[in-house]
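The chain contents come next:
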Amino acid sequence: MTYLDDRILEHLHEEDWASPATMAADVRFAASQNRISERCHVLADADFIRPLIDSADADTFEISRWGSLYLEGKVDAELRRPRPAPRPPDATRPDWWARFG
C-alpha cells in the first residue's frame, strides 16, 4: 500500500463517501485527480473500497469492510492482492498461434 492509498482509505473512513475530484481538492492528498482515481480503482479491485454505483466508470467510492479492517490493523494489505482481470478478446492470441487449430 502506498501513502496515497492510506490517505484515500482514511478519508473514506472519515467521510461516508467521496469522489477523486473531492479528494484532489483536499490539500492533504497533494495528488492529481487522475492519480487518485487510478488508485481508487486499484483499491476497489482489491476490495478495500467499493463504488457507490455498480458501474465500471463509477467515480464515487465508499470504504469496504476490508478497508476498515486494514485501518484497524487487522488485515495485512500484502496478503490481499487484486484479482487479475480477464484478458479482452482482442488481446488473446488465436488458436493457430498455440498450434491448437
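Residues numbered from 1 in each chain as written. Predicted model: local features only at pLDDT ≥ 70, side-chain atom pairs only at ≥ 80, totals over all residues. Heavy atoms only, no water.

Turning our eyes to something else, we now look at the packing of aromatic side chains. Under the defined criterion, the tally for this structure stands at one aromatic pair. In this structure, arginine 65 is placed above the aromatic ring of tryptophan 66, and the distance from its NZ or CZ to the ring centre is 5.2 Å. (Phe/Tyr/Trp six-rings, centres within 6.5 Å; stacked < 30°, edge-to-face > 60°. Lys NZ or Arg CZ within 6 Å of the ring centre and 35° of its normal.)

Here we come to the side chain of threonine 60. Structurally, threonine 60 can be placed in the loop between β1 (49-51) and β2 (61-63). Threonine 60 gets classed as buried once you look at its relative accessible area, which sits at 19%. At 3.5 Å, the side chain of threonine 60 forms a polar contact with the side chain of aspartate 59. Sequence-distant contacts of threonine 60, defined by excluding residues within four places in its chain, comprise Trp17, Ala18, Ser19, Arg50, Pro51 and Leu52. (Helix = DSSP H or I, 4+ residues; strand = E, 2+ residues; numbered from the N terminus. Buried < 20%, exposed > 50% of the residue type's maximum accessible area, 1.4 Å probe, protein only. Polar contact = N/O pair within 3.5 Å; in protein donor to acceptor, adjacent residues only side chain to side chain. Contact = heavy atoms within 4.5 Å.)

The subject of this paragraph is the nonpolar core. If you look at soluble globular proteins, the nonpolar side chains tend to sit buried side by side. One finds Ile8, Leu12, Met23, Phe48 and Ile49 to be the most contacted residues of the largest nonpolar core, which totals 20 residues. Secondary-structure elements contributing two or more residues to this core are α1 (3-14), α3 (33-45), β2 and α4 (65-71). Ignoring sequence-local partners within four residues, the contact set of phenylalanine 48 consists of Met1, Leu9, Leu43, Ile63, Ser64, Trp66, Gly67, Tyr70, Val75, Ala77 and Arg80. (Core = buried A, V, L, I, M, F, W, Y, C linked by side-chain atoms within 4.5 Å.)

In this section: the side chain of histidine 11. Mapped onto the elements, histidine 11 comes out in helix α1. Reaching out from histidine 11, the side chain makes a polar contact with the side chain of arginine 28 at a distance of 3.5 Å. Non-local contacts of histidine 11, meaning those with residues more than four positions away in its chain, are made with Ala18, Met23, Asp26, Arg28 and Phe29.

Moving on: a nonpolar patch on the surface. Side chains of Trp17, Leu52 and Ile53 sit close together on the surface and give an oily, nonpolar patch of about 340 Å² of accessible area. Take tryptophan 17: it is sitting in the loop between α1 and α2 (20-25). (Patch = residues over 30% accessible without salt bridge, like charges linked within 9 Å, V, L, I, M, F, W, Y side chains within 5 Å. Areas by Shrake-Rupley, 256 points an atom, 1.4 Å probe, with all protein chains shown as cover. Salt bridge = Lys/Arg side-chain N within 4 Å of Asp/Glu carboxyl O.)

Moving on: the environment of glutamate 10. Looking at the element boundaries, glutamate 10 is found in helix α1. Sequence separation of glutamate 10 and glycine 67 is 57 residues, and the distance between their C-alpha atoms is 9.1 Å.

A word on the confidence of the model for the protein. In this model, the protein carries an average pLDDT of 85, and 79% of its residues clear a pLDDT of 70 or more. Taken element by element, the protein is modelled with least confidence in α3, mean pLDDT 92, and with most confidence in β2, mean pLDDT 96. (pLDDT = per-residue confidence, 0-100.)

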